[in-house]
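Take a look at the letters that make up each chain.
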Amino acid sequence: IRWKLFLTVLALAVPALVIVGILSYVGGKAAVERTTLEHLTSVRASKAHQIESYFEHIRSLARSYAKNRMVVDAMIEFDDAHQVLLDIELSQEQREAVTSYYEETFLPRLEDHAETDMDPAAYLPAEDGDLYLQYHYIVTNALGDKALLDDAGDGSQYSSAHSLFHPILRDFAREFGFHDLFLVDGSGNIVFTVAKEVDLGTNLLDGPYQNSNLAAVFQEAQHDYLKNSVHLIDFASYAPSFGEPASFIAAPIVDGAWLLGVLVLQLPVGEIDKVMTNNRNWRIDGLGDSGESYLVGADFKMRSNSRFFLEDPEGFLEAAERAGVSATDIRTIRDFGTTILTQEVRSRASVAALTGETDTATTTDYRGVEVLSSYAPLDIEGVEWAILSEIDAAEAFTRIRVFTRNLMLRLAGLLALVL
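The rules behind these values
Residues numbered from 1 in each chain as written. Predicted model: local features only at pLDDT ≥ 70, side-chain atom pairs only at ≥ 80, totals over all residues. Heavy atoms only, no water. Buried < 20%, exposed > 50% of the residue type's maximum accessible area, 1.4 Å probe, protein only. Helix = DSSP H or I, 4+ residues; strand = E, 2+ residues; numbered from the N terminus. Pairing = 2+ DSSP bridges. Axes fitted to C-alpha atoms, helices over the stretch in contact; angles between N-to-C directions. Phe/Tyr/Trp six-rings, centres within 6.5 Å; stacked < 30°, edge-to-face > 60°. Core = buried A, V, L, I, M, F, W, Y, C linked by side-chain atoms within 4.5 Å. Salt bridge = Lys/Arg side-chain N within 4 Å of Asp/Glu carboxyl O. Expected span 1.5 Å × (residues − 1).

J.: Is there a simple way to explain the pairing of strand β9 (residues 385-392) in this structure?
T.: One face of the sheet, then the other: side chains in a regular strand alternate in exactly this way. Within β9, eight of the eight residues are buried, which leaves it mostly tucked inside the rest of the structure. With burial as the criterion, each face of β9 is covered, one bearing W385, I387, S389 and I391 and the other bearing A386, L388, E390 and D392. Pairing of strand β6 (residues 292-297) with β9, which is carried by six bridges, proceeds in the antiparallel orientation. Bridge pairing links S293 to S389 in β9. Both strand β8 (residues 370-377) and β9 contribute to a ladder of seven bridges, which runs antiparallel.

Next comes the structure, spelled out in structure tokens:
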């Protein structure tokens, strides 16, 4: 009877413990996955609101600043001064100096990323007055940061206006983190820039950068000026910045019913990253060691930086090389220090988000790693972007492994007690 009773109890206890263990494991895993995805959704929704609010703020800033009387006066003064420069005859020495700058400084850096030889004549401004501007404010500007030069000292009407308005416009651009600020007259001439890159003095309608996204956003603002609307354009490679990714926002500068020109702001990548990474404090957002939030454009390329690149650039690039990323893309990421427009994200989550879906899923990310992902499209006028918040499945299920180990120990203890 004792052995029969022992075997009977054992036959009842073992299956019961096994069933309890399986149900506990399945329920615990589902609970952890659900909790993690809910947290990712919360983070994604918060980041989406922040980034949409940021662009609304930039849009309002551009609109209000374009109406500022100082900016209106600056547009008038620079336009008039630029017209005076059109009558200037450039000396042969000055012309050769500008050409030499393109051949020895600008084009070699641009060619490194374009991987093709370029003709200086295709990039040089056509008018002597514009070459004159580049000679005094770029070529002979010995300051490391060319934006620090307030007055070229040439005694021109342009330099007089520049010494008055440039410090104010430079301080504004730097205060809000813009890479550059442009004043473009109604004919498409870039009559002023803060950063003093080689787009200064060029024409956006028929000049060397007529096919750039800067030219496109200028024309949108120019054609729509009566509505006083602000236009944003997506990131694209921008030659005057040596091919670095650039995005612009433009607002018309009007005086009554007259279009004086267009104010254009070159958006800062760093400010977008601050929003998406919480100033690189991922753990404060509850994203652990492998979680991140990032933006993807309609071409399935990143519009913000990868956490893994920001934390360990060389490790990221080594992993990218092993994953088969082209040598050109790896060099571009290394040279520009950004994954924007280079790192492709063609996952199930990104495809769904860019078709307008909002959901969560377990999928494979751009590193080939299994992740839990929460995704959604963004509502930002002028661009088609999606936002994804993700964390490695291995990290997300760490609690499941701990729970499973503890569960097995408890079941073993109960079984020993029964025996």
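Having seen it, we continue.
J.: What is the right way to look at the sheet that holds strand β3 (residues 231-238) in this model?
T.: Strands pair in a sheet through their backbones, by hydrogen bonds, and they do so in one of two ways: parallel or antiparallel. In spatial order, the strands read β2-β1-β5-β4-β3; together these five strands make up an open sheet with antiparallel pairing. The outermost strands of the open sheet, each flanked by one partner alone, are β2 (190-193) and β3. The sheet shows a mean angle of 25° between the axes of neighbouring strands, taken without regard to direction.

J.: I would appreciate a short explanation of the packing of aromatic side chains in the present structure.
T.: The description of two aromatic rings rests on the distance between their centres and on the angle between their planes. Taken as a whole and judged by the stated rule, the model has 21 aromatic pairs. Pairing F106 with F242 gives two aromatic rings, centres 5.6 Å apart and planes at 45°, and the pair type is tilted. Note that F106 is positioned in helix α3 (residues 92-114) and F242 in the loop between β3 and β4 (244-255), a separation of 136 residues in sequence. Take F106 and F242: they sit in the same class, and that class is buried. Measuring from ring centre to ring centre gives 5.9 Å for F182 and F248, while their planes differ by 70°; the resulting arrangement is edge-to-face. Residue F182 is located in strand β1 (residues 180-185), and its partner F248 is located in strand β4; the two are separated by 66 residues in the primary sequence. With relative accessibility at 0%, the residue F182 sits in the buried group. The class of F248 is buried, set by a relative accessible area of 0%.

J.: How do you make sense of the nonpolar core when you look at a structure like this?
T.: Of all hydrophobic cores here, the largest spans 71 residues; its most connected members are F106, L169, L181 and L183. Among the nonpolar cores identified, the runner-up in size contains 20 residues, and F308, V345, A349 and L388 belong to it.

J.: Honestly, the pattern of salt bridges in this entry has me stumped. Any pointers?
T.: Any two side chains of opposite charge can pair, given that their charged atoms come close. For the structure shown, the criterion picks out 16 salt bridges. In this structure, D128 and R95 form a salt bridge, with 3.1 Å as the shortest nitrogen-oxygen distance. Of this pair, D128 sits in helix α4 (residues 128-139) while R95 sits in helix α3, and the two are 33 residues apart along the sequence. The partly exposed category is assigned to R95, whose relative accessible area is 31%. Of the charged contacts, one joins K274 and E271 as a salt bridge, the two residues approaching to 3.5 Å between their closest N and O atoms. Here K274 pairs with E271, and both are found in helix α7 (residues 269-277), just three residues apart, close to one helical turn. Accessibility expressed as a relative area gives 42% for K274, which makes it partly exposed.

J.: How should α4 be read in this particular structure?
T.: Owing to its 3.6 residues per turn, the α-helix aligns residues three or four sequence positions apart on the same side. Between its first and last C-alpha atoms α4 spans 14 Å; for 12 residues at 1.5 Å apiece the expected length is 16 Å, and the helix comes up short by more than 12%. The buried fraction of α4 is high, at 11 of 12 residues. Inspection of α4 places D128, G129, D130, L131, Y132, L133, Q134, Y135, H136, Y137 and I138 among the buried residues, and these make up the whole buried set.

J.: Hey, could you run me through the environment of G188 in this one?
T.: Inspection of the secondary structure assignment puts G188 in the loop between β1 and β2. The exposure class assigned to G188 is buried, which follows from its relative accessible area of 0%.

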